[in-house]
Amino acid sequence: MKRSSSSSSSAPAKKPKLPVNFGASEASPCSTKQDTLETLKAWFVERKFHGVSNLDFDLSESCGNSLGAFAKKTFKAGDLLFSVPADAMITVRDVANSSVVQITLSALKSRDELKAISVEFCLWLFLIEAKFDPKSRFQTYLQSLSDESPSVLSWETTLQSLLNDTNLSSSLQSLKTALEGYSQVLDNLRTSNSTAKTHIPADQYNFNNLLWAAGHYLSRRYPFHFGSQQESSLPEQFASLERLPGLGNLATNESFSNSM
């Protein structure tokens, strides 16, 4: 049966938008995402990822436009696909050596307010710093991540309301309260400390970017025992954080483990 071409016929239903999990933002054209992908692949080579020549990296439509790895050869069970070199991993020492983290800790120590923060907060500051720092060896990777946090806190309010009266809703509220508290800590530092005002600008270090960092951290963290033994020692810069058991918990701190 031939379909009517009348203008009164109903328009075809629009396909739902796929979430954009890779590239600069949902508003970015495909060319921008492709450029980002090519830059990331070049970074894999530069940082000497082993085995990447056996894989083709591209956007995976079946997985919500996230980054996909497609085999370029036949792999057998037990074969290594690729490995990540140590200098492409964000470690405890990278966070401890962050200028923004050091400035924050120094300012808080002078105000006797170190107990107001956590190790995870220090890591999130580092991720924001590295994302905006052209000299950071992690910038290419961090800028390849979606600007929208994968945290459920980024969902529309109507969707979040579906989680009311669940354990996840309670965990999300705890995370939101923590992020709001950390944002206030940074605002207070910028008001009272000229160095913090200069080096921790509000247009970068704010609630939205803390949510971005927290979401990507919680969705990508690795158990600490996968790290090297040399990273298990507590850097001296953090020794005064009395409430923290040590930076060995950086990758396994369970404070917000159920938030995603």
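Rules used in this analysis
- All chains use their own residue numbering, which begins from 1 and follows the written sequence.
- In keeping with the model being predicted, local features are shown solely for residues with a pLDDT of at least 70 and side-chain atom pairs are shown and tallied solely at 80 or more, while totals for entire chains, interfaces and linings include all residues.
- Side-chain descriptors were evaluated using all non-hydrogen atoms of the structure, hydrogens and water having been removed beforehand.
- Numbering of helices and strands starts at the N terminus; helices are DSSP runs of H or I of at least 4 residues and strands are runs of E of at least 2.
- The buried label applies to any residue whose accessible area, calculated with a 1.4 Å probe on protein chains only, is under 20% of its type's maximum; exposed applies above 50%, and partly exposed to all values in between.
- In this description, contact between two residues means that some pair of their heavy atoms is separated by no more than 4.5 Å.
- Accessibility throughout is a Shrake-Rupley quantity obtained with a 1.4 Å probe, and a residue counts as covered only by protein chains that appear here.
- Along the chain, pLDDT gives the predictor's confidence residue by residue, from 0 to 100.
- We call Phe, Tyr and Trp rings a pair once their centres come within 6.5 Å, taking the six-membered ring for Trp, and we label the pair stacked below 30 degrees between planes, edge-to-face above 60, and tilted otherwise.
- For helices, the fitted axis covers only the stretch in contact; all axes are lines through C-alpha atoms, and the angles between them, taken along N-to-C directions, range from 0 to 180 degrees.
- Roughly parallel here means an angle under 35 degrees, roughly antiparallel means over 145, roughly perpendicular means 65 to 115, and every remaining angle is called oblique.
- Take the far helix as the reference: if the near one is turned anticlockwise from it by less than a right angle, the crossing is left-handed, and if turned clockwise, right-handed.
- The nonpolar class holds Ala, Val, Leu, Ile, Met, Phe, Trp, Tyr, Cys and Pro. Asp, Glu, Lys and Arg form the charged class, and all remaining residues, Gly among them, are polar.
- Buried Ala, Val, Leu, Ile, Met, Phe, Trp, Tyr and Cys residues form a nonpolar core when they are joined through side-chain atoms within 4.5 Å.

Novice: When you look at the overall build of the protein in this model, what are you seeing that I'm missing?
Specialist: Check the secondary structure of the protein and you find nine helices and two strands. Buried residues in the protein amount to 38% of all 260 residues. A fraction of 69% describes how many contacts in the protein between residues 6 or more apart in sequence connect residues 24 or more apart. Here the protein displays about 15600 Å² of accessible surface, and carbon together with sulfur accounts for 51% of that area.

Novice: I tried to follow the environment of Pro 150 on my own but got confused; where do I start?
Specialist: In this fold, Pro 150 is placed in the loop between helix H5 (139–144) and helix H6 (157–160). In this structure, the C-alpha to C-alpha distance between Pro 150 and Trp 212, residues 62 residues apart in sequence, is 7.4 Å.

Novice: Please clarify how the side chain of His 216 should be interpreted in this entry.
Specialist: When you line up the elements, His 216 lands in helix H9 (residues 207–220). Among all residues touching His 216, those that are not within four sequence positions of it are Leu 145, Ser 146, Glu 148 and Pro 150.

Novice: I keep staring at the confidence of the model for the protein and nothing clicks. Help me out?
Specialist: Low pLDDT means the predicted atomic positions in that stretch should not be read closely. Of the residues in the protein, 72% have a pLDDT of 70 or more, and the chain-wide mean is 75. Below pLDDT 50 for its whole length, residues 1–30 participates in 42 contacts with residues either more than four positions away or in separate chains. Here residues 223–260 scores under 50 on pLDDT; set against residues more than four positions off or in separate chains, the count is 73 contacts.

Novice: Sorry, what's going on with the packing of aromatic side chains here?
Specialist: Applying the stated criterion to the full structure yields 11 aromatic pairs. Look at Trp 124 and Tyr 182: their rings are 6.2 Å apart centre to centre, the planes differ by 65°, and that puts the pair in the edge-to-face class. Of the two residues, Trp 124 is situated in helix H4 (residues 119–132) and Tyr 182 in helix H7 (residues 167–192); the sequence distance between them amounts to 58 residues. Like Trp 124, the residue Tyr 182 is buried in the burial classification. Three or more aromatic residues link up through ring pairs in this structure, and these residues are Trp 43, Phe 44, Phe 49, Phe 57, Phe 82 and Tyr 141.

Novice: Just to check I follow, could you spell out unusual backbone geometry for this structure?
Specialist: The phi angle of most residues is negative, glycine excepted, and most peptide bonds adopt the trans form. Its identity is not glycine, yet Lys 48 carries a phi of approximately 60°, on the positive side. Following the sequence through the fold, Lys 48 ends up in the loop between helix H1 (30–46) and strand E1 (55–60). Positive phi is not limited to glycine here, since Asp 165 has a value of about 65°. The residue Asp 165 is located in the loop between H6 and H7 in this model.

Novice: Looking at this structure, I do not really get the packing of H4 against H7. What am I missing?
Specialist: How two helices pack is summed up by the angle between their axes together with the distance between the axes. In the contact formed by H4 and H7, the axes pass within 12 Å of each other and the chain directions differ by 65°. Comparing the axis directions of H4 and H7 gives the class roughly perpendicular. Crossing angle aside, the handedness with which H4 passes H7 is right-handed. Contacts between H4 and H7 involve Phe 121, Trp 124 and Leu 125 on the former and, on the latter, Leu 175, Leu 179, Tyr 182 and Leu 186.

Novice: Even after reading the chapter, I still don't get the packing of H4 against H9, so can you show me in this structure?
Specialist: Running from amino to carboxyl end, H4 crosses H9 at an angle of 105°, the nearest separation of the two axes being 9 Å. In terms of orientation, H4 lies roughly perpendicular with respect to H9. Where H4 approaches H9, its residues Glu 120, Phe 121, Leu 123, Trp 124, Leu 125, Leu 127, Ile 128, Lys 131 and Phe 132 are matched on the opposing element by Asn 209, Leu 210, Trp 212, Ala 213, Ala 214 and Tyr 217. Residue composition of the contact of H4 with H9, grouped by class: 12 nonpolar, one polar and two charged.

Novice: So what exactly am I meant to see when it comes to the nonpolar core here?
Specialist: Taken as a class, soluble globular proteins show a tendency for nonpolar side chains to be buried jointly. Trp 124, Leu 125, Phe 126, Leu 127, Leu 179 and Leu 210 are the most contacted members of the largest nonpolar core, which totals 42 residues. Counting only elements with at least two residues in this core, the list comes to helix H3 (99–110), H4, H7 and H9. At nine residues, the largest contribution of residues to this core is made by H4. When near neighbours in sequence (up to four residues on either side) are disregarded, Leu 210 contacts Phe 121, Trp 124, Leu 125, Ile 128, Leu 179, Tyr 182, Ser 183 and Leu 186. Judged by nonpolar contacts, the second largest core, of nine residues, contains Leu 37, Val 52, Leu 55 and Phe 57.

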